[in-house]
Number of protein chains: 2
Amino acid sequence: MKEEQIFSIKETAEQTGISEDTIRYYEKIALLPRADRKDNGHRVYRQENINTIRLIACLKKTGMPLEEIRPFLVVSADADPAEYPELVEHLRSHRENIISQIASLQQVVDFIDIKLEEGRYQRDCSDESQAGVSEKTMGELKPKPVSTVEMSYFSVSAKAGNSSSSAR
Amino acid sequence: MKEEQIFSIKETAEQTGISEDTIRYYEKIALLPRADRKDNGHRVYRQENINTIRLIACLKKTGMPLEEIRPFLVVSADADPAEYPELVEHLRSHRENIISQIASLQQVVDFIDIKLEEGRYQRDCSDESQAGVSEKTMGELKPKPVSTVEMSYFSVSAKAGNSSSSAR
DNA sequence: CTATAACTTGGAGTCGACTCCAAGTCAAGG
DNA sequence: CCTTGACTTGGAGTCGACTCCAAGTTATAG
């Protein structure tokens with residue numbers, strides 16, 4: 001089984017959720033290495049490459065700019081972590097960032113849960129269409145409802161866009 | 001103590017990490033409500049408003065576009081969750097998104113940890129400058145090192161930007 | 001009375017990340 | 001042989017989110 005399956009750019013785009021144009025763009029800016037070509041010049045992708053693209057998609061989803069994604073790929077490529085202490089430092093600091101981002105996100109989840117809870121007992125008379133906040137896909141709702149990080153977003157006032165006409 | 005403390009736009013920018021320009025910009029696009037003005041026309045901000053801006057910053061940090069942030073502020077503003085079932089749906093689906101984003105991020109953290117571990121025993125001879133991955137700001141490192149979500153990024157191949165000269 | 005500093009506004013410019021387009025190549029089908 | 005379709009390239013255009021600028025106002029300090 002030396003025959004590793006290969007994919008066209010179209011198939012790759014379908015599998016990764018990243019458009020063909022974008023994949024080519026990533027290659028152009030050298031975020032991705034130049035893909036191998038068939039004799040006719042068409043790009044070919046292997047599982048390896050698809051994984052890389054998936055990693056990019058994953059990091060991107062979290063709001064990381066492409067330039068910050070770059071070092072990740074270098075690391076994942078050669079599996080050569082500690083050789084460049086600079087890179088290791090980079091990794092550590094990114095780890096920090098991500099952890100704090102997770103905390104941010106968790107805060108937002110808590111915020112939503114509170115809002116959803118509020119709504120829950122505030123009505124409980126109307127139709128129950130699709131109720132049930134916490135028993136859905138995630139079985140990992142934290143036991144404590146509010147995260148440690150102060151959660152000050154509560155007394156937020158917005159009402160944006162409706163300042164009495166004088167805005168403009 | 002009816003005297004609630006107020007802040008200038010400069011102070012607000014300092015407190016939230018969002019620049020004055022950006023705060024004004026948010027007001028312009030009605031992401032933020034029009035801030036009250038002093039007699040001289042200068043904007044004033046109260047704790048409430050600062051919290052809103054902090055919430056925006058928090059959501060932004062997670063990669064959420066401003067247009068998606070908008071509905072969050074509406075909710076946080078009036079504390080009127082269940083009144084608009086559409087909005088509740090919005091909240092739920094965002095909650096889902098965020099949960100999956102957390103999972104993504106956790107995967108990346110795991111990925112980094114593995115890379116860092118690799119490096120750790122691969123060297124362990126050089127200087128220990130700032131070693132110690134897990135005993136820093138976060139005391140909540142998950143017990144299991146790899147998350148449930150397959151973690152396929154491992155066999156990634158990148159080496160971007162060094163395709164033998166022919167690229168471009 | 002004037003200069004400085006902290007703001008105001010409207011609008012133009014920038015930058016990252018695509019997204020679209022035109023023109024060309026190649027392989028297979030009718 | 002001509003068309004169709006899946007690709008190629010280079011480059012232009014778009015869009016979101018700022019970021020910067022110029023001109024004007026107001027308050028305080030010298």
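Residues numbered from 1 in each chain as written. Chains lettered and ligands numbered in written order. Predicted model: local features only at pLDDT ≥ 70, side-chain atom pairs only at ≥ 80, totals over all residues. Heavy atoms only, no water.

1. Notes on the packing of helix 1 (residues 9-16) of chain B against helix 3 (residues 47-61) of chain B
Residue and element names in this part refer to chain B.
- Their axes nearest at 10 Å, the elements helix 1 and helix 3 cross at an angle of 40°. Considered as vectors, helix 1 and helix 3 are oriented oblique to each other. The handedness of the crossing between helix 1 and helix 3 is right-handed. Judged by residue contacts, Thr 12, Gln 15 and Thr 16 of helix 1 engage Ile 50, Ile 53, Arg 54 and Ala 57 from helix 3. (Axes fitted to C-alpha atoms, helices over the stretch in contact; angles between N-to-C directions. Helix = DSSP H or I, 4+ residues; strand = E, 2+ residues; numbered from the N terminus. Parallel < 35°, antiparallel > 145°, perpendicular 65-115°, else oblique. Left-handed = near helix turned anticlockwise from the far one by under 90°. Contact = heavy atoms within 4.5 Å.)

2. Observations concerning the protein's contact with DNA strand D
- Lining the immediate environment of DNA strand D, one finds 17 residues, of which Arg 24, Arg 37 and Arg 43 of chain A together with Tyr 26 and Leu 66 of chain B sit closest.
- Of all DNA strand D atoms lying within 4 Å of any protein atom, the proportion belonging to sugar or phosphate reaches 73%.
- Here a phosphate oxygen of DNA strand D and a side-chain polar atom of Ser 8 of chain A are 3.3 Å apart.
- Measuring from a phosphate oxygen of DNA strand D, one finds a side-chain N or O atom of Tyr 26 of chain B at 2.5 Å.
- For the surface near DNA strand D, the secondary-structure elements that each account for two or more residues are helix 1 (9-16) and helix 2 (20-28) of chain A together with helix 2 (20-28) of chain B.
- No other element matches the 4 residues that helix 2 of chain B contributes to the surface near DNA strand D.
- A per-class count over the surface near DNA strand D returns 5 nonpolar, 5 polar and 7 charged. (Near = heavy atom within 4 Å. Polar contact = N/O pair within 3.5 Å; in protein donor to acceptor, adjacent residues only side chain to side chain. Nonpolar A, V, L, I, M, F, W, Y, C, P; charged D, E, K, R; others polar.)

3. Here we look at the pattern of salt bridges
- Following the criterion strictly, the structure yields 15 salt bridges over all chains and no others.
- With its nearest N and O atoms 2.4 Å apart, the salt bridge here joins Asp 113 of chain A to Arg 95 of chain B. Placement of Asp 113 of chain A in helix 5 (residues 85-122) and of Arg 95 of chain B in helix 5 (residues 85-122) is noted, with the two residues assigned to different chains.
- The exposure class assigned to Arg 95 of chain B is buried, which follows from its relative accessible area of 2%. (Salt bridge = Lys/Arg side-chain N within 4 Å of Asp/Glu carboxyl O. Buried < 20%, exposed > 50% of the residue type's maximum accessible area, 1.4 Å probe, protein only.)

Such coordinate-based values are descriptive only and should not be taken to indicate function.
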